[in-house]
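Summary of structural features
What follows is each chain in one-letter form.
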Amino acid sequence: MSTSSLDSTTPKQKVSRLGAAILRGGLFRFLPFRQTFIKLAFQDTNLNGIDLKGGNLRGVYLPRANLEKANLSAVDMREAYLLYSNFAMVDGRKADFRGASLTLANFSNANFREADFRGADLRAAKFNRADFSKANFSGANLELARLNTSNFSEANLSGANLHWVNPSGVNLEGANVENTRFISGFGWSLNEMEDPAL
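Here we summarise the structure given alongside this text. On a predicted model such as this, the values are computed, not experimentally measured, just so you know.

Per the counting criterion, the structure on display carries 8 salt bridges. Residue Asp76 pairs with Arg78 through a salt bridge whose shortest N-O separation is 2.7 Å. Note on Arg78: relative accessible area 21%, which makes it partly exposed. A salt bridge links Arg93 to Asp91; the shortest N-O distance between them is 2.7 Å.

Note on backbone geometry: most residues besides glycine have negative phi, and most peptide bonds are trans. With a phi angle near 65°, Lys69 is a residue other than glycine that sits in the positive phi range. Among the structural elements, Lys69 can be located in the loop between helix H2 (31-37) and helix H3 (190-193). With a phi angle near 60°, Glu79 is a residue other than glycine that sits in the positive phi range. Along the chain, Glu79 turns up in the loop between H2 and H3. What makes Glu79 partly exposed here is its relative accessible area of 49%.

Reading the values: the criteria
Residue numbers restart at each chain and count upward from 1, following the sequence in its written direction. Only residues with pLDDT of 70 or above have their local features reported here, since the model is predicted, and side-chain atom pairs are shown and tallied only from 80 upward, although totals for entire chains, interfaces and linings are computed over all residues. Note that water and hydrogens are dropped before the side-chain values are worked out from all heavy atoms of the structure. One speaks of a salt bridge when a side-chain nitrogen belonging to Lys or Arg is within 4 Å of a carboxyl oxygen belonging to Asp or Glu. Type-normalised accessible area, obtained with a 1.4 Å probe on protein chains alone, sets the label of each residue: buried when under 20%, exposed when over 50%, and partly exposed for intermediate values. Numbered from the N terminus, helices here are DSSP runs of H or I no shorter than four residues, and strands are runs of E no shorter than two.

Here's what the structure looks like:
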């Protein structure tokens, strides 16, 4: 047998492709299978442009997943493990990420209007030019997050941790910042956050 005919795909790559096929094929929607699926580990899965609207992926393990341009509107990803995952240009309106692990995730240019991130871990996540208006971040950890030119108008940030976050250019008009922690090395006060020009 020639070496060229051998399958050089690693076990990790095979699992990743299987995970993508399962998600793209919509098999997670079938309840008997879903209970098994959510416990499986699919790393580095490419789900670019996938439509998971209204899907139940609670507790799914998808670190470093590429979800760019995906439709995640109204999806249930509570307690999901999504470290380093890419949500750039995603439609995530009214999505549920309560208690999810999203450290170092990328939300650039995404729309997560009215999404729920209560208690989520979003440390060092990237929110550049993203829309999180009316989203709920109550009790979430956004330490070291990059919020450059993002929209958090009317968002609920009560009790959230925004340590070491630079609010410059962030729209916080009408946001609930009760008991929100803003301690940082940027010298910004709560009043100054209301007007980034100050």
